[in-house]
Amino acid sequence: MKYLSLILVFLLLSCGNKEDVLLPKANVSVVKVVKDHSPIYIFFRTKGKDTLAEVNRKNSIISTNWLFNIDKRLPLKLVIPEVMKLQEKKRADSAHKNEEAQNYYTYADTIGKNMAFLPFTDVYYKIGEASKNISQLYFKKNGMIQYKGKKTYDFPKENLMPFLDSLIINPKAQITFSYDKNMTYEEYVRCKILINKLDIKQPWLVFINYNEDIIY
């Protein structure tokens, strides 16, 4: 737990106040080092019975890599709209734009005992259901994945690769990834890491739409 405490201390000092962000945890580092970066924080807040997402981006610089430090307890329905606003602002600022600057989600690698980073610069988010003409893999809050195509199947997310290996699909088809808006941000990060680790062998998988995540 010591390294996790150090991560939280880093966040506290970076914020300049006594607030913390509980980072998601995973067992692998997608990216271990990011240089020339600015922090963005999305805090978990409560007001009565309501949960709120509070953004602090006062130290962010457009031309740098942005590190999104987001509390793992927040639901996607609160996180993604804020992420979309920040993405749009960075993409639209042509005066200070740096083509090499990336966006990363931060999380704690429980195996490597370090802070790790998940790139999502090229991801475009959409709020609302996917077209019925496009097959989709819908990541549910309960840890299951639902495949929606000509038929519908539910299976544990640990079986994603075997399922894809067994799937027969039109080579010109697309599969869109979609996510339950009520799942936690931590669950979402773990789903993204799972997809990132896929060992792509089937030629048709190049038609998967990796750069659009649908939240509903």
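For the structure, see preceding data.
Presented here is an overview of the structure given in this document. (Residues numbered from 1 in each chain as written. Predicted model: local features only at pLDDT ≥ 70, side-chain atom pairs only at ≥ 80, totals over all residues. Heavy atoms only, no water.)

## So, the overall build of the chain
The following threshold applies: Think of it this way: any DSSP run of H or I at least four residues long counts as a helix, any run of E at least two long counts as a strand, and we number them from the N terminus. Contacts are residue-level and defined by heavy atoms, with any inter-residue pair within 4.5 Å sufficient. Using a 1.4 Å probe, the Shrake-Rupley method yields the accessible areas, and only the shown protein chains count as cover for residues.
A count of helical and extended segments in the chain gives four helices and 12 strands. A fraction of 70% describes how many contacts in the chain between residues 6 or more apart in sequence connect residues 24 or more apart. Surface accessibility of the chain: about 11700 Å² in total, with carbon and sulfur atoms responsible for 53%.

## Here's the deal with helix H2 (residues 76–92)
The following threshold applies: Multiply 1.5 Å by the residue count of a helix minus one, and that product is the helix's expected span. Throughout, exposure labels follow a simple rule: accessible area from a 1.4 Å probe, protein chains only, divided by the maximum for the residue type, with under 20% read as buried, over 50% as exposed, and the rest as partly exposed.
Across its 17 residues, H2 extends 24 Å between first and last C-alpha, which sits within 8% of the 24 Å expected from 1.5 Å per residue. Residues Leu-76, Val-79, Ile-80, Val-83, Met-84, Leu-86, Gln-87 and Lys-90 constitute the buried set of H2.

## Some words on unusual backbone geometry
Positive phi outside glycine occurs at Asp-36, with the angle close to 50 degrees. Note that Asp-36 resides in the loop between strand E1 (25–26) and strand E2 (37–47). For Asp-36, a relative accessible area of 52% gives the class exposed. Phi angles above zero are rare outside glycine, and Lys-113 is one such case at about 55 degrees. In this structure, Lys-113 sits in the loop between strand E5 (103–109) and strand E6 (114–119). A relative accessible area of 54% means that Lys-113 is categorised as exposed.

## What about the environment of Leu-22?
Within the secondary structure, Leu-22 sits in the loop between helix H1 (2–15) and E1. Under the relative-accessibility criterion, Leu-22 is labelled partly exposed at 25%. Spatially, the C-alpha atom of Leu-22 lies 7.5 Å from that of Ile-70, the residues being 48 residues apart in sequence.

## What about helix H4 (residues 185–196)?
For H4, with 12 residues, the first-to-last C-alpha span of 16 Å sits near the 16 Å given by 1.5 Å per residue. For H4, the set of buried residues is Tyr-185, Glu-186, Tyr-188, Val-189, Cys-191, Lys-192, Ile-193 and Ile-195.

## Structural notes on the packing of aromatic side chains
Basically, it comes down to this: Two aromatic rings, drawn from Phe, Tyr or Trp (for Trp, its six-membered ring), form a pair once their centres lie within 6.5 Å of each other, and the interplanar angle then sorts them: stacked below 30 degrees, edge-to-face above 60, tilted otherwise.
Within the structure shown, the criterion is met by 17 aromatic pairs. A centroid spacing of 6.4 Å and a plane angle of 55 degrees characterise the contact between Tyr-125 and Tyr-188, whose relative ring orientation is tilted. Of the two residues, Tyr-125 sits in strand E7 (residues 124–127) while Tyr-188 sits in helix H4, which places them 63 residues apart along the sequence. In this structure Tyr-125 comes out as buried when scored by relative accessible area, which is 9%. Taking relative accessible area as the criterion, Tyr-188 reaches 1% and is therefore assigned buried. Between Phe-139 and Phe-177 the ring centres are 6.2 Å apart and the planes differ by 45 degrees, which places this aromatic pair in the tilted class. Of this pair, Phe-139 sits in strand E8 (residues 135–139) while Phe-177 sits in strand E11 (residues 175–179); the two residues are 38 residues apart in sequence, bridging distant segments of the chain. Take Phe-139: its relative accessible area is 1%, and that puts it in the buried class. Looking at Phe-177, the relative accessible area reads 2%, which means it is buried.

## Remarks on the nonpolar core
One recurring pattern in soluble globular proteins is that nonpolar side chains are buried together. This is how it is decided: Definition used in this section: a nonpolar core is a set of buried Ala, Val, Leu, Ile, Met, Phe, Trp, Tyr and Cys residues joined via side-chain atoms within 4.5 Å.
By size, the foremost hydrophobic cluster in this structure holds 43 residues, and its most contacted members are Tyr-105, Tyr-125, Leu-137, Phe-139 and Tyr-179. Grouped together as the second largest cluster of nonpolar side chains are nine residues, Val-21, Leu-23, Val-34 and Met-115 included.

## Concerning the pairing of E11
Regular strands place side chains that alternate from one sheet face to the opposite one. Here is the rule we go by: Two strands pair if DSSP finds at least two bridges between them.
Burial analysis of E11 places five of its five residues in the buried class, the great majority of the element. Side chains Ile-175, Phe-177 and Tyr-179 of E11 all project onto a buried face; the interleaved residues Thr-176 and Ser-178 project onto the opposite face, where all are buried too. Two strands pair when backbone bridges link them, and E8 and E11 are joined in this way by five bridges, in the parallel orientation. By the bridge assignment for E11, Tyr-138 is matched with Ser-178.

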